[in-house]
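Descriptive structure summary
Listed below, chain by chain, are the residues.
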Amino acid sequence: MSSHASRFLKWSLLFGLTLGVSATAETTLWRDPAQPADVRAEALVQAMTQDEKLQLVFGQFGSVQKRPAFYPAVEARMGSAGYVPGIARLGIPPQWITDAGLGVATQRQSAAPYRERTALPGSIAAAASFDPAMAYRGGAMIGAEARASGFNVMLGGGIDLLREPRGGRNFEYAGEDPLLAASVVGAAIAGIQSNGIISTIKHFAFNAQETGRMVASADIADSAARMSDLLAFELAIEKGKPGAAMCAYNRVNTVYACESDYLLTTVLKNDWRYRGYVMSDWGAVHSTEKAANAGLDQESAYTFDAKPFFGAPLRQAVIEGKVPQARLDDMARRIAYAMFATGLYDNPVAEAPIDFEASRKVAQAAAEGGIVLLKNAGVLPLTSSVKHIVVIGSHADKGVMSGGGSSTVFPQGVNAVPGIGPQGWPGPVVFLPSSPLAALKSALPGATVEYLDGADAKAAAAAAAKADLAIVFASQWSTEDADHDLNLPDGLDDLIAAVAAANAKTVVVLQNGGPVLMPWLDKAAGVVEAWFPGAGGGEAIARVLTGAVDASGRLPVTFPASLAQLAHPALPGTDANGKPFAIEYTEGAAVGYKWFAKNRSTPLFPFGFGLSYTHFSYGKPSVATKDGRLTVTFDVTNTGKRAGAAVPQIYVGPAAGADAAQWEAPFRLAGWGKAVLQPGETRAFSVSVDPRLLARFDSAARAWTVSGGTYTVSLGASAADFRQTASVHVDAALYAVDSFAKQ
Ligand code: GLC
């Protein structure tokens, strides 16, 4: 707590007692919404009994759990992720906890009725939109549905950097660049919390793959960590101010994340001055005093752990002095602070009606903004001249695919295509009832649009041969708790090749969670990356394919041409058979496009890439510096015949005199713009560059250091397509590690 708050509180208590005012009037300061959150939190903790503090930091699962047979308190919202009883005496509501970053999920361990709610597109689509304002709107929508479903804690904010293209949860994260990920996830967190509920940011840190997630050790040097994954968390916390952070399952440099003093105390609470609380992931706690003293503040769903570590064992540890009383007080204070700072305490949740059509429109807009046009050899957008289309595969007649695991949101009707994939955890494969076929039919009333399921490649090819154009929907399911390879499954590569051989005008629409290999790329006339497109995905895909809206997504992740190009060609831990193993992140901060640039290798599609239906020219950027911060201004002109979305990107890197040899890569993304320009329109953009993007982190000095010299500022359409460059001199500078914390 800030010294101001504790001084203020002590004086007010002293003043109150001196005046003979009853202690309760002063010591119920926490009920006064006019008081700062830290003052209220201090007052509340001082009013708590030891039992109440211990209750607050000890979470339950929100549903029936088979192992051991465990039924949460009746107050829990059955089918939910978590529950912590409230303290009515102090006005503290229960913590009703729901997954996750894509909407209100239902945990299938219970026999509870499914909560049929609205699914956003995968978070990777939010990153592909390069549109924090849209990400905010998406967060605000799912947070409103959480509140109206009786939840006041939402486990959103997935932001682990996409280091592993085969990662099963890449669809829940925001790509490979720290600044882009932080901009969209920070905005999404702010959107969720705009409903007066707490959002998490997760999984802190380096949960980049699912293989061995409970036993792997992500090993990386402090400096590289600070300039990559930790920078994503740091910037997102500054932008979104999440009430809670969730520590990850894996180990970092051999220490479990939920008992890592380095992660939870040194980095998060000291260097970043984080005032919220750290909750564990479900089953991520392995000790009492080690975890508590490292900075864990709440054990989530204790029945997922080998045994309870908080609750009675924590009480005993405090009695024995193994965990200082001050640490327990700090745990309770942090939870209280988050409740006050987000409005949770003053705005009790209550179940309420939901406007699902309004929600669906938000999800559709988010999908439209994130769909990436990867190839277009004159076949898109579809126009009324196309009279006969055959649509093939991926249940496109019924809906669009969602990702699996704890973030799965069940739609109205629970599943448009039931019975696919594992029916237990982490399945089932859920299709959302937003049919691309139906949407295409209504968008092209003059065309005959037929559908084949694609099971028979020969029949599909024969149908394609008779049509003007073929659209193959190719889906790859990905999920928490399992990684995957980069090849499309179920013979889809052969299906695409057969259809494309029968009709040169073949468009492939991908529904998946990250990069895929495309052996048929030279045979397809068009390729669209739709990710897992959410509750309005079918309509969004149709609107982009028909040009009702421009394709405005850009890749938030590099699509490699082969596994050999990756920093880890073999998926780490594949043969570990459940035994602990290390993932040596020797590439350091050179994640994604930085790795490709450093090694001068050419990917299938680069970071930041995406086509529009129009074309743009880029003016020469001008660069101003003030107090170490660069401001880059430039113009972009729509040189085409139709409106379209420009997403100009700014990359910076050291040139003469600066410490290029020390950088992880030749350049870094430093900012971007996004705007729809009319034909012929020129728009001015301005990008302000955070000093940390010009700096390296010096672990010995515990500071960000900018070396003086000349830097190159590049204006591009992707990380591999720079259109203009400018040079700027930057003075040497040093920023203490905690000098950016605004908490
Ligand atoms: C899961 C996930 C986490 C989720 C939690 C509750 O295993 O790792 O993201 O929020 O447990 O379901």
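Residues numbered from 1 in each chain as written. Predicted model: local features only at pLDDT ≥ 70, side-chain atom pairs only at ≥ 80, totals over all residues. Heavy atoms only, no water.

**As for the overall build of the protein**
Test applied: Runs of H or I in DSSP of at least four residues are treated as helices and runs of E of at least two as strands, each being numbered from the N terminus. Here the globule rule is a power law, 2.2 Å times the number of residues to the power 0.38, and the radius of gyration is based on C-alpha atoms. Here's how the labels work: a residue is buried when its accessible area is under 20% of the maximum for its type, exposed when over 50%, partly exposed in between, all with a 1.4 Å probe on protein chains only. Residue contacts are counted whenever heavy atoms from the two residues lie within 4.5 Å of one another.
Helix and strand counts for the protein come out as 19 helices and 32 strands. The C-alpha atoms of the protein give 26 Å as radius of gyration, which agrees with the globular expectation for 743 residues (27 Å, within 12%). Each principal axis of the C-alpha atoms in the protein carries an extent, and together these give about 90 × 65 × 50 Å. Out of the 743 residues belonging to the protein, those deemed buried represent 64%. Contacts in the protein between residues far apart in sequence, at least 24 positions, make up 76% of those at least 6 positions apart.

**Description of the state of the cysteines**
Here is the rule: The disulfide criterion used throughout: a pair of cysteine sulfur atoms within 2.5 Å.
A full pass over the atoms with the stated rule returns one disulfide. Note that Cys 247 is cross-linked by a disulfide to Cys 258, the S-S spacing being 2.2 Å. Across the S-S bond linking Cys 247 and Cys 258, the dihedral sits near 105°, which makes this disulfide right-handed. With Cys 247 in strand S7 (residues 244-247) and Cys 258 in the loop between strand S9 (255-256) and helix H10 (261-271), this pair connects stretches of sequence that are 11 residues apart. Take Cys 258: its relative accessible area is 2%, and that puts it in the buried class.

**A word on the site of the ligand**
Short version of the rule: Any residue with a non-hydrogen atom lying within 4 Å of a molecule or strand is treated as near it. Residues adjacent in sequence count toward polar contacts only when both atoms are side-chain atoms; beyond that, a polar contact is any pair of N or O atoms within 3.5 Å, and within protein one must be able to donate a hydrogen and the other to accept it. Exposure was quantified through the Shrake-Rupley algorithm and a 1.4 Å probe, taking into account, for residues, occlusion by the shown protein chains and nothing else. All amino acids are sorted into three groups, where Ala, Val, Leu, Ile, Met, Phe, Trp, Tyr, Cys and Pro are nonpolar, Asp, Glu, Lys and Arg are charged, and the leftover types, Gly among them, are polar.
Close to the ligand lie 13 residues; Asp 99, His 203, Tyr 249, Asp 281 and Glu 480 are nearest. Here Asp 99 contributes a side-chain N or O atom positioned 2.6 Å from an oxygen atom of the ligand. Glu 480 has a polar side-chain atom sitting 2.8 Å from an oxygen atom of the ligand. Here the ligand has 310 Å² of accessible area as a free molecule, and 95% of this is covered by the chains. Here the residues of the shell around the ligand sort into four nonpolar, three polar and six charged.

**Comments concerning the packing of aromatic side chains**
Note the threshold: We call Phe, Tyr and Trp rings a pair once their centres come within 6.5 Å, taking the six-membered ring for Trp, and we label the pair stacked below 30 degrees between planes, edge-to-face above 60, and tilted otherwise. Put simply, a charge is over a ring when the Lys NZ or the Arg CZ is close to the ring centre, within 6 Å, and near the line of the ring normal, within 35 degrees.
If you walk through the whole model with that rule in mind, you get 22 aromatic pairs. With a centroid separation of 4.4 Å and an interplanar angle of 45°, the aromatic rings of Tyr 114 and Phe 410 are classed as tilted. Residue Tyr 114 is found in the loop between strand S3 (95-98) and helix H5 (123-129), and its partner Phe 410 is found in the loop between strand S13 (400-401) and strand S14 (431-432); the two are separated by 296 residues along the sequence. What makes Tyr 114 partly exposed here is its relative accessible area of 35%. Measuring from centroid to centroid gives 5.5 Å for Phe 634 and Phe 685, while their planes differ by 15°, and the two rings are stacked. Placement of the pair is Phe 634 in strand S22 (residues 629-638) and Phe 685 in strand S27 (residues 682-689), with a sequence separation of 51 residues. Phe 685 shares its class with Phe 634; the two are buried. The side chain of Arg 163 reaches across the aromatic face of Tyr 585, ending 4.6 Å from its centre. The ring centre of Trp 663 lies 3.7 Å from the NZ or CZ of Arg 668, which sits over that ring.

**Points about the sheet that holds strand S32 (residues 733-736)**
Formally: A pair of strands is labelled paired if DSSP reports no fewer than 2 bridges between them. Orientation is described by lines fitted to C-alpha atoms, with helices fitted over the stretch in contact, and by angles between N-to-C directions that extend from 0 to 180 degrees.
Reading across from one edge, S28-S29-S32 is the order of the three strands in this open sheet, with antiparallel pairing throughout. The open sheet terminates on both sides in strands that have one partner only, identified here as strand S28 (696-698) and S32. The sheet shows a mean angle of 30° between the axes of neighbouring strands, direction not considered. Here S28 pairs with strand S29 (residues 703-706) via three bridges, running antiparallel. Bridge assignment links Asp 698 to a residue of S29, and that residue is Ala 703.

**What about the pattern of salt bridges?**
This is how the line gets drawn: Salt bridge, as used here: a side-chain nitrogen of Lys or Arg that lies within 4 Å of a carboxyl oxygen of Asp or Glu.
A full pass over the atoms with the stated rule returns 41 salt bridges. Arg 213 is paired through a salt bridge with Glu 480; the nearest N and O atoms lie 2.8 Å apart. Taken together, the positions of Arg 213 in the loop between strand S5 (198-204) and strand S6 (217-219) and Glu 480 in the loop between strand S16 (469-475) and helix H17 (492-502) put the pair 267 residues apart, joining distant regions of the chain. Take Arg 213: its relative accessible area is 6%, and that puts it in the buried class. Residue class for Glu 480 comes out buried when judged on its relative accessible area of 4%.

**What to know about helix H14 (residues 356-370)**
Helical geometry note: an α-helix holds 3.6 residues per turn, so side chains three or four residues apart project in the same direction. Stated formally: Helices are assigned an expected span. That span is 1.5 Å times one less than the residue count.
With 15 residues, H14 ought to run about 21 Å at 1.5 Å a step, and its terminal C-alpha atoms sit 21 Å apart, in line with that. Among the structural elements, H5, helix H6 (132-148), strand S11 (372-376), strand S18 (526-529) and helix H18 (537-545) are those in contact with the buried residues of H14. Where H14 begins, the capping side chain belongs to Asp 355, and its oxygen is found 3.3 Å from the backbone nitrogen of Glu 357.

**Comments concerning the nonpolar core**
Note the cut-off: Only buried residues count toward a nonpolar core, which is a set of Ala, Val, Leu, Ile, Met, Phe, Trp, Tyr and Cys residues joined through side-chain atoms within 4.5 Å.
Core analysis: the largest hydrophobic core is formed by 147 residues, its most contacted members being Phe 204, Trp 282 and Leu 314. The leading source of residues in this core is helix H13 (residues 325-342), at nine residues. Every residue in contact with Phe 204, bar those within four places of it in the chain, is listed here: Leu 230, Phe 233, Met 246, Cys 247, Ala 248, Ala 257, Leu 263, Leu 264, Val 267, Leu 268 and Trp 272. In this structure, Val 379, Leu 444, Phe 473 and Val 528 belong to the second largest nonpolar core, which totals 37 residues.

**Some thoughts on the sheet that holds strand S2 (residues 80-84)**
Spatial strand order, S1-S2-S3-S4-S5-S7-S10: seven strands in an open sheet with mixed pairing. In the strand order of this sheet, the two ends are held by strand S1 (60-62) and strand S10 (277-280), each with one partner. Of the pairings in the sheet, the one linking strand S4 (residues 153-154) to S5 comprises two bridges and is parallel in character. Bridge assignment links Val 153 to a residue of S5, and that residue is Ile 198.

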